[in-house]
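In case you want the letters, here they are:
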Amino acid sequence: MEQQLKQLEQEALAKIADAADLKALNDVRVAYLGKKGPITDLLKGMGKLSAEERPKMGALVNTVRENVTAELEKKVAVLEEAAILAQLENESIDVTLPGAKVRAGNRHLLTRVIEEIEDLFLGMGYEIVEGPEVEKDYYNFEAMNLPKGHPARDMQDSFYISEETLLRTHTSPVQARTMEAKKGEPIRVICPGKVFRRDTDDATHSHQFMQIEGLVIGENIRMSDLKGTLDALAKRMFGAEREIRLRPSFFPFTEPSVEVDVSCHKCSGKGCNVCKQTGWIEILGAGMVHPNVLEMAGYDSTVVSGFAFGIGAERIAMLKYGVDDIRHFYTNDTRFLSQFHQAEV
């Protein structure tokens, strides 16, 4: 049995040395150390030996098994390292090749327009004020000279949560809240934010859109101040050669009220398909703050006056960038957005 054990050990060690991969090495382990292997069979036959031979042969079998196991472990380490080196060789990266270009994101068109308008008015000494999108009926309508039952509400009665709470239809409630908080002090603010109206979505209408309103209150504020402000806005957004005109209109919260047009950027006022042959494009509504609005907010309309205006950010963006459908701003189609990609400074 001793001779047989030594022969098995030599055979196992030779096959371990010849194993070219981990699979072949595992086959050797199973063949010699497995449950049906010769070394295990020898251990099972120990009962047939005499009491004197049994300890000696038991120790020899364990020694052979330990020697074979140790060689197996050494060879496993060698083969695993060789496998890793081979993998690294096959999957090596050529660091001299140019990397794949990752396209950086950019600000949305509406964000650009809003920030550009904010920059203009911050430079003119205005503050930026924001307010809640879920608003009280009082601030949305009544404080804007639109009492319950007023026919002008029909254009804006929209998404009500309760009889006295709704999604705001303009950012004018922010003006009302600001006037209430200032308690008679001068005001010069712009109020950007999202508003909601019950419109059927089409190329030029949306049930939600971005609006920027402006409000100035103080002594000796005149219509000429409003015109000069809007002229500066038009030139900043559409070019220094643009002109504006004011047309009489009606808004419950301003008196007098005007619609503001800008000279067509395509034909420079000569008339084309963009301006419907008029030479002018409507961009916003404005006017002098109605005395009732001033009085409800705690101002003395005989001492102070003010002007207000409201701009649709989508309207400005569509004219500035030549967008023909307002829905493009909200569908998140990268094919549309990538047309206006620009490097950040």
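As recorded in an unreviewed UniProt entry, the protein chain goes by Phenylalanine--tRNA ligase alpha subunit and comes from Solibacillus faecavium. Checking UniProt for the protein chain, the heading Sequence similarities (unreviewed entry) contains the comment "Belongs to the class-II aminoacyl-tRNA synthetase family. Phe-tRNA synthetase alpha subunit type 1 subfamily." As its UniProt record puts it under Catalytic activity (unreviewed entry), the protein chain is described as follows: "tRNA(Phe) + L-phenylalanine + ATP = L-phenylalanyl-tRNA(Phe) + AMP + diphosphate + H(+)".

Three- or four-residue spacings in an α-helix give side chains the same orientation, since the helix completes a turn every 3.6 residues. Between the first and last C-alpha of helix H2 (residues 22-33) there are 16 Å, a value that for 12 residues agrees with the 16 Å anticipated at 1.5 Å per step. Listed in full, the buried residues belonging to H2 are Leu 25, Val 28 and Tyr 32. Here the buried residues of H2 occupy an arc of 55° about the axis, which is enough to place them on one side. Capping of H2 at its N-terminal end is provided by Asp 21; its side-chain oxygen lies 3.1 Å from the backbone amide nitrogen of Lys 23.

Time to look at the side chain of Thr 229. Looking at where Thr 229 falls in the secondary structure, it is placed in helix H8 (residues 223-238). What Thr 229 contacts, discounting residues up to four positions off in sequence, is Phe 121, Met 124, Tyr 126, Phe 307 and Phe 309.

For the second largest pocket, the calculated volume is near 200 Å³. Forming the boundary of the second largest pocket are 13 residues, of which Gly 105, Asn 106, Leu 337, Ser 338 and His 341 lie nearest the centre. Taken together, the elements giving at least two residues each to the lining of the second largest pocket come down to helix H5 (109-123) and helix H11 (334-337). Partitioned by chemical class, the residues of the lining of the second largest pocket number 4 nonpolar, 6 polar and 3 charged.

If you walk through the whole model with that rule in mind, you get 8 aromatic pairs. Centre to centre, the rings of Phe 329 and Phe 336 are 6.2 Å apart; their planes meet at 75°, and the pair counts as edge-to-face. Note on Phe 329: relative accessible area 3%, which makes it buried. Among the residues examined, Phe 336 registers a relative accessible area of 9% and is labelled buried. These aromatic residues form a ring-pair network of at least three members: Phe 121, Tyr 126, Phe 307 and Phe 309. When the ring centre of Tyr 139 is taken as origin, the NZ or CZ atom of Arg 177, which lies over that ring, is 4.2 Å away.

Attention shifts here to empty space enclosed by the protein. Applying the stated criterion across every chain, the model contains 2 cavities of 30 Å³ or more. The space that makes up the largest cavity amounts to roughly 60 Å³. Lining the largest cavity are Tyr 138, Tyr 139, Ala 143, Ala 176, Met 179, Glu 180, Val 293, Met 296 and Ala 297. Secondary structure elements with two or more residues in the lining of the largest cavity: helix H6 (137-140), helix H7 (172-182) and helix H9 (291-296). Per-element tally for the lining of the largest cavity: the top contributor is H7, with 3 residues.

Rules and cut-offs
- Residues numbered from 1 in each chain as written.
- Predicted model: local features only at pLDDT ≥ 70, side-chain atom pairs only at ≥ 80, totals over all residues.
- Heavy atoms only, no water.
- UniProt positions renumbered as here; feature names shortened; annotations may be inferred.
- Helix = DSSP H or I, 4+ residues; strand = E, 2+ residues; numbered from the N terminus.
- Expected span 1.5 Å × (residues − 1).
- Buried < 20%, exposed > 50% of the residue type's maximum accessible area, 1.4 Å probe, protein only.
- Arc of directions from axis to C-beta.
- Polar contact = N/O pair within 3.5 Å; in protein donor to acceptor, adjacent residues only side chain to side chain.
- Contact = heavy atoms within 4.5 Å.
- 1 Å grid on protein atoms, 1.4 Å probe; cavity = no way out; pocket = protein on both sides within 12 Å on 5 of 7 lines; lining within 4 Å.
- Points joined across faces, edges and corners; volume = space filled by probe spheres on them.
- Nonpolar A, V, L, I, M, F, W, Y, C, P; charged D, E, K, R; others polar.
- Phe/Tyr/Trp six-rings, centres within 6.5 Å; stacked < 30°, edge-to-face > 60°.
- Lys NZ or Arg CZ within 6 Å of the ring centre and 35° of its normal.

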